Amino acid sequence: MKKILVTGGAGFLGSHLCERLLNDGNEVICLDNYFTGQKKNVVHLINNPCFELVRHDVTMPYLIEVDEIYNLACPASPIHYQYNPIKTIKTSVAGAINMLGLAKRINAKILQASTSEVYGDPQVHPQPESYWGNVNPIGTRACYDEGKRCAESLFINYHKQNNVKIKIIRIFNTYGPRMHPNDGRVVSNFIVQALKGKDISIYGDGKQTRSFQYVDDLTEGMIRLMNSPDNFIRPVNVGNPDEFTMIELANKVIQLTGSKSKIIYEPLPADDPLHRRPDITLARTKLGWEPTINLDEGLQRTIDFFKTIV
Ligand code: NAD
Ligand code: UDP
């Protein structure tokens with residue numbers, strides 16, 4: 001049995017990771033400041049004697065003895081991370097410094113939840129890990145993108161300077177049950193709108209693309225990366241390479257919910273990436289990982305969840 005710290009554990013992805021790590025027989029400490037996460041995401045785990053819930057902000061140091069740290073704490077949807085951009089940068093950068101300092105002190109392995117946003121509005125398509133990205137450092141998304149890029153740099157340098165055992169996962173758009181219904185992300189927005197019979201809001205012309213991965217596939221990828229050999233420290237893309245336009249996504253959601261909602265078009269937010277699709281060759285070859293749940297199946301499971309809360 002390993003003792004594992006999950007920061008941001010009460011969020012969407014963190015709650016699935018905590019659940020899976022417990023099911024695998026580990027002891028899990030879930031740390032969260034509840035900025036975008038909620039206790040109800042982990043309420044079903046609270047009676048498990050191997051689970052512990054801690055209210056804490058990663059911008060402040062935290063001391064504990066664990067074997068592994070998954071550093072997920074950070075608001076992830078554009079409306080949430082742009083709400084208080086300075087705090088978003090502090091969470092990414094000071095949070096990474098605090099968790100890396102902890103990993104160094106206790107000799108724990110640490111995984112950083114990085115993002116496809118490090119590629120910005122990519123000029124290389126699909127995106128391999130070797131691509132350095134195209135990020136506007138003073139744009140509205142920069143607090144998140146540059147914060148995550150700086151965190152990657154901190155991880156590599158703690159490894160080089162202090163021999164900390166690091167892992168960096170670049171997560172592409174992930175969806176599934178327990179997404180926050182008001183987080184403004186496209187999958188949750190479209191499903192909530194469809195279930196309520198409201199207009200489906202496509203931003204821009206709807207021809208921009210994203211590649212959507214179901215949360216269970218990501219959880220498997222995160223754990224495989226954490227368990228990979230200590231000398232494997234390269235960032236790894238984990239995402240589903242099937243690529244869809246937002247028009248295609250809206251039509252799928254309308255079809256799967258049987259909704260009578262109509263599509264409307266609204267202005268495209270600034271710096272919204274035109275295309276995004278992972279090259280997952282590295283995850284395939286080094287982790288033996290690839291996604292197993294296609295968009296229709298994952299959307300159906302997510303719609304079933306949203307039916308219980310909206
Ligand atoms: P989320 O907002 O549901 O979860 C983030 C969690 O971190 C929340 O529980 C929040 O309360 C907590 N948190 C935020 N600031 C904190 C702080 N200062 N101290 C302690 N806790 C704090 O988002 P998510 O989708 O679950 O994302 C989790 C991680 O995965 C994030 O680091 C995000 O950048 C990364 N990621 C997510 C996606 C995606 O598509 N969901 C894509 C790429 C990367
Ligand atoms: N989007 C949309 N309608 C919405 C919410 C988002 O058309 O109601 C678009 C958004 O402009 C972007 C894509 O969907 O092009 C994905 O947005 P999301 O915020 O989910 O993720 P990200 O932009 O961070 O990949």
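See above for the structure.
Every chain begins its residue count from 1, and numbering advances along the sequence as written. The lettering of chains begins at A and the numbering of ligands begins at 1, in the order of writing. Only residues with pLDDT of at least 70 get local features here, since the model is predicted, and only at 80 or more are side-chain atom pairs given and counted; chain-wide, interface and lining totals rely on the full set of residues. As a rule here, side-chain values come from all non-hydrogen atoms in the structure, and water together with hydrogens is ignored.

Let us look at the overall build of the protein chain. Of the regular secondary structure elements, the protein chain holds 9 helices and 13 strands. Taking 310 residues into account, the globule formula puts the C-alpha radius of gyration at 19 Å, and the protein chain, at 19 Å, falls close to it. The principal-axis extents of the C-alpha atoms in the protein chain amount to approximately 55 × 45 × 40 Å. Here the protein chain holds 310 residues, and 56% of them are scored as buried. Strands here mean DSSP runs of E at least two residues long; helices mean DSSP runs of H or I at least four residues long; both are numbered from the N terminus. Values of the radius of gyration come from C-alpha atoms, whereas the globule rule sets the reference at 2.2 Å times the count of residues to the power 0.38. Under the scheme applied here, a residue whose accessible area is under 20% of the maximum for its type counts as buried, over 50% as exposed, and between as partly exposed, the area being computed with a 1.4 Å probe on protein chains only.

What follows covers the site of ligand 1. One heavy atom within 4 Å of a molecule or strand is enough for the residue carrying it to be called near that molecule or strand. What surrounds ligand 1 is a group of 30 residues, the closest being Leu13, Asp32, Thr36, Tyr144 and Lys148. Pairs of N or O atoms are called polar contacts if they sit within 3.5 Å, as long as, within protein, a hydrogen donor faces a hydrogen acceptor (for residues adjacent in sequence, only side-chain-to-side-chain pairs). Within the side chain of Tyr144, an N or O atom sits 2.6 Å from an oxygen atom of ligand 1. A distance of 2.8 Å is found between an oxygen atom of ligand 1 and a side-chain nitrogen or oxygen belonging to Lys148. Note on areas: Shrake-Rupley, 1.4 Å probe, and residue coverage restricted to the protein chains presented here. Against a free-state accessible area of 810 Å², the protein chains account for coverage of 96% of ligand 1. Secondary-structure elements contributing two or more residues to the shell around ligand 1 are helix H1 (12-23), helix H3 (85-106), strand S5 (109-115) and helix H4 (142-162). Ranked by residue count, the leading element in the shell around ligand 1 is S5, at 3 residues. For the shell around ligand 1, a count of residues per class yields 14 nonpolar, 11 polar and 5 charged. We call Asp, Glu, Lys and Arg charged. Ala, Val, Leu, Ile, Met, Phe, Trp, Tyr, Cys and Pro are nonpolar, and the rest, Gly among them, are polar.

On to empty space enclosed by the protein, then. The distinction between a cavity and a pocket rests on a 1 Å grid over the protein atoms alone: a 1.4 Å probe fits inside a cavity but cannot get out, while a pocket stays open yet meets protein on both sides within 12 Å along at least five of seven lines, and a residue with an atom within 4 Å of a point counts as lining. Grid points are joined across faces, edges and corners, and a volume is the space filled by probe spheres set on the points. Counted under the stated rule, the structure contains 1 cavity of 30 Å³ or more. In this model, the largest cavity occupies a volume close to 40 Å³. Along the walls of the largest cavity sit Asn71, Ala73, Cys74, Thr91, Ser92, Gln112 and Lys148, which together make up its complete lining. Of the residues belonging to the lining of the largest cavity, the class tally is 2 nonpolar, 4 polar and 1 charged.

With their axes 10 Å apart at the nearest point, helix H5 (residues 186-196) and helix H7 (residues 246-257) run at an angle of 40° to one another. With respect to each other, H5 and H7 are oriented oblique. The handedness of the crossing between H5 and H7 is right-handed. Here Val186, Val187, Phe190, Ile191, Ala194 and Leu195 of H5 come into contact with H7, specifically with Met246, Leu249, Ala250, Val253 and Thr257. Split into classes, the residues belonging to the contact of H5 with H7 amount to 10 nonpolar, 1 polar and no charged. Interaxial angles span 0 to 180 degrees and are taken between N-to-C directions of axes, which are lines fitted to C-alpha atoms, for helices over the stretch in contact. Angles are sorted into four bins: roughly parallel if under 35 degrees, roughly antiparallel if over 145, roughly perpendicular if 65 to 115, and oblique for all others. For a crossing to be left-handed, the near helix must be turned anticlockwise from the far one by less than a right angle; the clockwise case is right-handed. Two residues qualify as a contact provided that any one of their heavy atoms is within 4.5 Å of a heavy atom in the partner residue.

The next thing to look at is the sheet that holds strand S3 (residues 51-55). Only when DSSP finds a minimum of two bridges between them are two strands counted as paired. Spatial ordering of the open sheet is given by S3-S2-S1-S4-S5-S6-S11, a layout of 7 strands whose pairing is parallel. Whereas interior strands pair on both sides, the edge strands pair on one side only; in this sheet they are S3 and strand S11 (236-238). Taken over all neighbouring pairs, the strand axes of this sheet differ in orientation by 20° on average, direction set aside. Pairing of strand S1 (residues 3-7) with strand S2 (residues 27-32) involves 5 bridges; the strand directions are parallel. Within S2, the position partnered with Lys3 by the bridge is Glu27. Along the sheet, H1 makes contact with S1, S2, S3, strand S4 (68-71) and strand S6 (166-171), crossing S1 at roughly 170°. Across the sheet, H4 is in contact with S5 and S6; its angle to S5 comes to roughly 155°.

Okay, the environment of Ser130 next. Considering the arrangement of structural elements, one finds Ser130 in the loop between S5 and H4. Here the alpha-carbon distance between Ser130 and Pro85, two residues 45 residues apart in the chain, equals 28 Å.

Here we come to the nonpolar core. Working definition of a nonpolar core: buried Ala, Val, Leu, Ile, Met, Phe, Trp, Tyr and Cys residues. They are joined through side-chain atoms within 4.5 Å. Judged by nonpolar contacts, the single largest core of 58 residues is most densely connected at Tyr70 and Leu249. Excluding residues within four positions of it along the chain, Tyr70 makes contact with Ile4, Leu5, Val6, Thr7, Leu17, Leu21, Leu111, Met222, Ile223 and Met226. Membership of the second largest hydrophobic core comes to 27 residues, among which are Val54, Leu100, Ile110 and Ala151.

Turning our eyes to something else, we now look at the site of ligand 2. Near ligand 2 you find 18 residues, and of these Val186, Ser201, Arg210, Asp272 and Arg276 are the closest. Gln208 is positioned such that a nitrogen or oxygen atom in its side chain is 3.0 Å from an oxygen atom of ligand 2. In isolation ligand 2 offers 520 Å² of accessible surface; the protein chains occlude 95% of this area. Of all the secondary-structure elements, those providing two or more residues to the shell around ligand 2 are H5 and strand S8 (200-203). Split by residue class, the shell around ligand 2 holds 7 nonpolar, 5 polar and 6 charged.

The next point concerns the state of the cysteines. Put simply, a disulfide is two cysteine sulfurs that come within 2.5 Å. Applying the stated criterion across every chain, the model contains 0 disulfides. Left unpaired, Cys50 is separated from the closest cysteine sulfur, that of Cys18, by 13 Å. When its relative accessible area of 23% is taken as the criterion, Cys50 is described as partly exposed. Looking at the unpaired Cys143, the closest cysteine sulfur is the one in Cys74, lying at 8.3 Å. With relative accessibility at 6%, the residue Cys143 sits in the buried group.

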